[in-house]
Protein chains: 2
Amino acid sequence: MIPPAQWLQARPLRIAGTGMALPRTCVTSAELDARLGLPPGTVQARCGVARRYLAQPHETAAELAALAADRAVAAAGMRWADVDCLIAANATMDQALPYNAALVHAQLGLHAHRTATFDIGASCLSFLAAVDFAAAMIAAGRYTTVAVVSADLASVGLDWRDLETCGMFGDGAAAAILTRPPADAGSGPDSSSAILAARFETLSDGVDYCQIPAGGSRHHPGKVPDAVAFAELNLFRMQGKPLFRLMATEMPGFTQRLLAEAGAVLAGETRGTYGNLGVHGEQAAPAPLPIHRIARVIPHQASRLGITHIARRLGIATGQLTDIFEDYGNQVAASMPTALHLTLSAETAPQRGDILLLLGTSAGVSIGGMVVRY
Amino acid sequence: MIPPAQWLQARPLRIAGTGMALPRTCVTSAELDARLGLPPGTVQARCGVARRYLAQPHETAAELAALAADRAVAAAGMRWADVDCLIAANATMDQALPYNAALVHAQLGLHAHRTATFDIGASCLSFLAAVDFAAAMIAAGRYTTVAVVSADLASVGLDWRDLETCGMFGDGAAAAILTRPPADAGSGPDSSSAILAARFETLSDGVDYCQIPAGGSRHHPGKVPDAVAFAELNLFRMQGKPLFRLMATEMPGFTQRLLAEAGAVLAGETRGTYGNLGVHGEQAAPAPLPIHRIARVIPHQASRLGITHIARRLGIATGQLTDIFEDYGNQVAASMPTALHLTLSAETAPQRGDILLLLGTSAGVSIGGMVVRY
């Protein structure tokens, strides 16, 4: 369902800066071959990953998050006093209590700032969800500047007997600082920065396809007295085939709906209704945003197969696609902001005004996407 | 810091329905006295709780959440097809992965609806935070109707050797359905329904005052091989005295700032600038919203001492206060929506147009509050 016409309008939002952080230890797939007693090249061939960064036991998600967020604030030319809301958008918890954002706030030493802090989560789509919510809060005047940071240590939950998953995930953190674009439309190259469309759909018939059963109230140490059995319940489990099948079936329609919204917003702007009511119901439906108008597609780095399939299915050219999978693996919720940061800080970075498509899937199963005018 | 004057305006939001759910098992403090070998009356005298509802091992947070959310949808006179966003606002996870809202979505059997789902968390302030974010999304036209549901099973993490905490917490779930009020200001008694002010501050120097160290990547079964030591890390720990001291010091100033915002919004409406720019900078600061204008104060049911202290410190009359602590205990994130539901469904319920103050604290430590015109 496409929203009513009166809502089809760009929502101003400026990505003022981004940053990322990695654990110190890089693990190559060649090392993993040796560790698992496999012929050289096996892990890379099977998983498509050459190297990942894996946290040591003493490294915490909050530390990595704080490092990435600090870098994003610096990249935005700001100080923490300028940031009035901090959102942790992780897929997993650092501790059961308190929430991730409070731990990051403490790690950053921000207690004197009294920053409002929240967690926003949707597994691997957490960053995208948080950006969408942050944009609405900035538009409502609740906050002027929001830091969104994602950090996940997938490595703690990997089953090293399951090559399909253990060879694929990496740890990391990445952040973005979000503000209003300059109010005067003529005041600079980023005055038109906006979310053109955002969309999330949950298909919970796939709720079991990706899961870690424990780590919450459902399977608690107090309920599962056998330590070995409990440890098993803390491992990541993926049903790769049905998951891929569901996503392959659903992604084209989802993307079509997202690009139709973006197309309608752009058509409304062209007709001079930008900032007013958007498109009018009586007119013919505008064309979806064509893929060739998108400067860069930044997918969640879910898997080699997933990224390749999306690119082929949507007709994305190689130069249009951000593909960091080989060097970082699937970094869970940190994956998309890391890909965004690397895209925006590359030599061939998109320019202000360029259109970006962020697109991903998450355990849930959910599909999410956002069309951003950078 | 009070937001710039141009943002001081009411944000339309209608609470269309609420619902709650409890585990089947009610545990009285008298039973707990017997179980712990204490003289009759000890637990109630120490904790202020007469009875709580505690989940059996087979009951899940998602089941309770689904029950509460179903009841809220029915109370709103809606069906799930009318709800386009479902937010789980728990303090704790049901599983590590996927996220709570996806599990609730699956439990409700909503996969055909493709509802967008998200988690929003801030420990015990999760519900309030989710309402604030939901209002901004509804205002932005992203969603028309948002279900917010909180469910926590605190009982799994209780240390039965620690009377201070084990006698105080209860399990439960509660939900609210949020929509736009009718667009025409003259169209009904709830046409002025709105958030008048909302505020959150994190004071993370108290980050260790309330915590469960494990349940995330920081202390994982893979890192803590000793099962007994690991089980200990999964228990709730509270430093009651410094926590109370911090809250007692900070709450008055926080409430003052919140009521100042609400007062400014109401003053702006009186001067006829409602819906426009709000108050003007050149005018004298309007008076804070006086406590006597608040029909009902709904605090987080943190502890006997906490509720009593807030009521006394702010000068809240007995009839103004929702105090359900004796019958439910502290239900963590489910506490505030349960109190809201019981307030709105009581015989002496507030009427549309009445002003409610929701106020609470959370592990983090964070303080949050919202002034709502019901």
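Every value quoted in this text rests on a predicted model; they were computed, and no experiment measured them. (Residues numbered from 1 in each chain as written. Chains lettered and ligands numbered in written order. Predicted model: local features only at pLDDT ≥ 70, side-chain atom pairs only at ≥ 80, totals over all residues. Heavy atoms only, no water.)

Enquirer: Kindly report on the overall build of chain A, identifying the contributing residues and their values.
Expert: When you go through chain A residue by residue, the secondary structure sums to 11 helices and 14 strands. For chain A, the C-alpha radius of gyration of 21 Å lies close to 21 Å, the compact-globule estimate for 374 residues. Dimensions of chain A, computed from the C-alpha atoms along their principal axes, are close to 65 × 50 × 45 Å. For chain A, restricting intrachain contacts to residue pairs at least 6 apart in sequence, the fraction spanning at least 24 positions comes to 76%. (Helix = DSSP H or I, 4+ residues; strand = E, 2+ residues; numbered from the N terminus. Rg over C-alpha atoms; globule rule 2.2 N^0.38 Å. Contact = heavy atoms within 4.5 Å.)

Enquirer: Run through the sheet that holds strand E9 (residues 194-202) of chain B, naming residues and quoting values.
Expert: By way of backbone hydrogen bonds, the strands of a sheet pair with one another, either parallel or antiparallel. All names here are of chain B. Read across the sheet, 5 strands follow the order E1-E9-E14-E13-E12 without closing on themselves; strand pairing throughout is mixed. Across the chains shown, the open sheet's two edge strands, defined by having one partner strand only, are strand E1 (11-12) and strand E12 (296-299). Strand contacts of helix H8 (residues 240-270): E9, strand E13 (355-362) and strand E14 (366-373), with the helix running at about 150° to E9, the strand carrying the most contacts. (Pairing = 2+ DSSP bridges. Axes fitted to C-alpha atoms, helices over the stretch in contact; angles between N-to-C directions.)

Enquirer: Mind laying out the relation of the copies chain B and chain A, listing which residues take part and the relevant values?
Expert: One chain copy maps onto the other through a rotation about an axis and a shift parallel to that axis. By a simple turn and slide, chain B fits onto chain A: the slide is 0.0 Å along the axis, the RMSD is 0.0 Å, and the turn is 180°. Such a combination of turn and shift is consistent with a two-fold rotation axis. A share of 100% of the interface residues of chain B reappears at the interface of chain A, consistent with the copies meeting face to face through the same patch. (Least-squares fit on C-alpha atoms with pLDDT ≥ 70 in both.)

Enquirer: Residues and numbers for the sheet that holds strand E13 (residues 355-362) of chain A, please.
Expert: All names here are of chain A. Here 5 strands make up an open sheet; going across it, the order is E1-E9-E14-E13-E12 and the pairing mixed. This sheet does not close on itself; its edge strands, each paired only once, are strand E1 (11-12) and strand E12 (296-299). As defined by bridge partners, E13 adjoins strand E14 (residues 366-373) across 8 bridges and the pair is classed as antiparallel. Bridge assignment links leucine 358 to a residue of E14, and that residue is methionine 370. Packed onto the sheet, helix H8 (residues 240-270) meets strand E9 (194-202), E13 and E14 and runs at close to 150° relative to E9.

Enquirer: Give a detailed account of helix H4 (residues 100-107) of chain B, specifying residues and quantitative values.
Expert: In an α-helix, one turn spans 3.6 residues; hence positions three or four apart end up facing the same way. Summarising burial for H4(B): 6 of the 8 residues are buried, a large majority. Where H4(B) is concerned, the buried positions are Asn100(B), Ala101(B), Ala102(B), Leu103(B), Val104(B) and His105(B). On its buried face, H4(B) sits against E9 of chain A together with helix H3 (61-75), strand E5 (85-88), strand E6 (116-121) and strand E7 (145-152) of chain B. (Buried < 20%, exposed > 50% of the residue type's maximum accessible area, 1.4 Å probe, protein only.)

Enquirer: Before we move on, could you go through the environment of Ala91(A) and cite the residues and values that matter?
Expert: Looking at the secondary structure, you find Ala91(A) in the loop between strand E5 (85-88) and helix H4 (100-107). For Ala91(A), a relative accessible area of 8% gives the class buried. Linking Ala91(A) and Ile307(A), residues 216 residues apart in sequence, is a C-alpha distance of 20 Å. Here Ala91(A) is in contact with Ser123(A), Cys124(A), Ser126(A), Asp152(A), Val332(A), Ala333(A), Ala96(B) and Leu97(B), once residues within four sequence places are set aside.

Enquirer: How would you explain the pairing of E6(B) if you had to name every residue and give the values?
Expert: Among the 6 residues that make up E6(B), 6 are buried, leaving the element largely enclosed by the rest of the structure. Residues of E6(B) alternate between two faces, with Ala116(B), Phe118(B) and Ile120(B) on one and Thr117(B), Asp119(B) and Gly121(B) on the opposite face, all of them buried. Relative to E6(B), strand E6 (residues 116-121) of chain A runs antiparallel, the two being bridged by 3 bridges. Bridge pairing links Gly121(A) to Asp119(B) in E6(B). Two strands pair when backbone bridges link them, and E5(B) and E6(B) are joined in this way by 4 bridges, in the parallel orientation. What sits directly across from Leu86(B), in E6(B), is Thr117(B). For the segment spanning E5(B), H4(B) and E6(B), crossover handedness is right-handed. (Right-handed = clockwise from strand over helix to strand, strands pointing away.)

Enquirer: Would you mind going over the packing of aromatic side chains in detail, with residue names and values included?
Expert: By convention here, two paired aromatic rings are described through the distance between centres and the angle between planes. In the structure shown here, the tally under the stated rule is 12 aromatic pairs over all chains. With a centroid separation of 5.1 Å and 90° between ring planes, the pair formed by Phe133(A) and Phe118(B) is classed as edge-to-face. Taken together, the residues span two chains, with Phe133(A) in helix H5 (residues 126-139) and Phe118(B) in strand E6. Judged by its relative accessible area of 0%, Phe133(A) falls in the buried class. For Phe118(B), a relative accessible area of 0% gives the class buried. (Phe/Tyr/Trp six-rings, centres within 6.5 Å; stacked < 30°, edge-to-face > 60°.)

Enquirer: Tell me about the packing of H5(A) against helix H5 (residues 126-139) of chain B, and name the residues and values.
Expert: Helices that pack against each other are described as a pair by the angle of their axes relative to one another and the distance between those axes. Packing of H5(A) against H5(B) brings their axes to within 8 Å, and their N-to-C directions diverge by 75°. With respect to each other, H5(A) and H5(B) are oriented roughly perpendicular. Seen from H5(A), the contacting residues are Asp132(A), Phe133(A), Ala136(A) and Met137(A); seen from H5(B), they are Asp132(B), Phe133(B), Ala136(B) and Met137(B). Residue composition of the contact of H5(A) with H5(B), by class: 6 nonpolar, no polar and 2 charged. (Parallel < 35°, antiparallel > 145°, perpendicular 65-115°, else oblique. Nonpolar A, V, L, I, M, F, W, Y, C, P; charged D, E, K, R; others polar.)

Enquirer: Describe the pattern of salt bridges, naming the residues involved and giving the relevant values.
Expert: In this structure the tally under the stated criterion is 35 salt bridges over all chains. With its nearest N and O atoms 2.6 Å apart, the salt bridge here joins Arg218(A) to Asp94(B). Placement of Arg218(A) in the loop between strand E10 (210-211) and helix H7 (227-233) and of Asp94(B) in the loop between E5 and H4 is noted, with the two residues assigned to different chains. On the basis of relative accessible area, Arg218(A) is assigned to the partly exposed category, the value being 21%. When the shortest N-O distance is used, the salt bridge between Arg237(B) and Asp159(B) registers 2.9 Å. You can see Arg237(B) sitting in strand E11 (residues 237-238) and its partner Asp159(B) sitting in the loop between E7 and helix H6 (163-166), a full 78 residues away along the chain. A relative accessible area of 6% means that Asp159(B) is categorised as buried. Connected through salt bridges with shared partners, the residues Arg114(A), Arg199(B), Glu201(B), Glu250(B), Arg257(B) and Glu261(B) form a single ionic network. (Salt bridge = Lys/Arg side-chain N within 4 Å of Asp/Glu carboxyl O.)

Enquirer: Go over the pairing of E5(B) with me, naming the residues and quoting the values.
Expert: Residues and elements named next belong to chain B. On E5, burial covers both faces: Cys85 and Ile87 on one face and Leu86 and Ala88 on the other are all buried. The pairing of E5 with E7 spans 4 bridges and is parallel. Looking at E7, one finds that cysteine 85 is bridged to valine 146.

Enquirer: So what about the interface of chain B and chain A? Which residues, and what values?
Expert: Contacts between chain B and chain A engage 78 residues on the former and 78 residues on the latter. Applying the counting criterion to the chain B and chain A interface returns 8 salt bridges. The closest approach of N and O atoms between Asp132(B) and Arg142(A), which form a salt bridge, is 2.6 Å. Taken together, the connections running from chain B to chain A amount to 38 residue pairs in polar contact (both at pLDDT 80 or more). (Polar contact = N/O pair within 3.5 Å; in protein donor to acceptor, adjacent residues only side chain to side chain.)

Enquirer: Lay out the environment of Ala102(B) in plain terms, naming residues and giving numbers.
Expert: On the secondary structure map, Ala102(B) appears in helix H4. For the pair Ala102(B) and Ser192(B), spaced 90 residues apart in sequence, the C-alpha separation works out to 33 Å. Sequence-distant contacts of Ala102(B), that is, excluding residues within four places in its chain, are made with Ser204(A), Val207(A), Gly364(A) and Thr117(B).

Enquirer: Let's hear about helix H1 (residues 29-36) of chain A: which residues, and what values?
Expert: Residues and elements named next belong to chain A. Listing the buried residues of H1 in full gives Ser29, Leu32 and Asp33. For H1, the arc enclosing every buried residue in end-on projection is 105°, short of the 170-degree limit, so these residues lie on one face. Facing away from the buried side of H1, by more than 90 degrees, are the exposed residues Ala30, Ala34 and Arg35. In the core, the buried residues of H1 are packed alongside strand E3 (25-28), helix H2 (42-47), strand E4 (51-54) and helix H6 (163-166). (Arc of directions from axis to C-beta.)

Enquirer: Can you tell me about the side chain of Asp33(B), naming the residues and giving the values?
Expert: Note that Asp33(B) resides in helix H1 (residues 29-36). No salt bridge is formed by the buried Asp33(B); the nearest opposite charge belongs to Arg46(B), separated by 9.3 Å. (Lys, Arg positive; Asp, Glu negative; His and termini not counted.)

As far as function goes, none of this settles anything; it's purely spatial.
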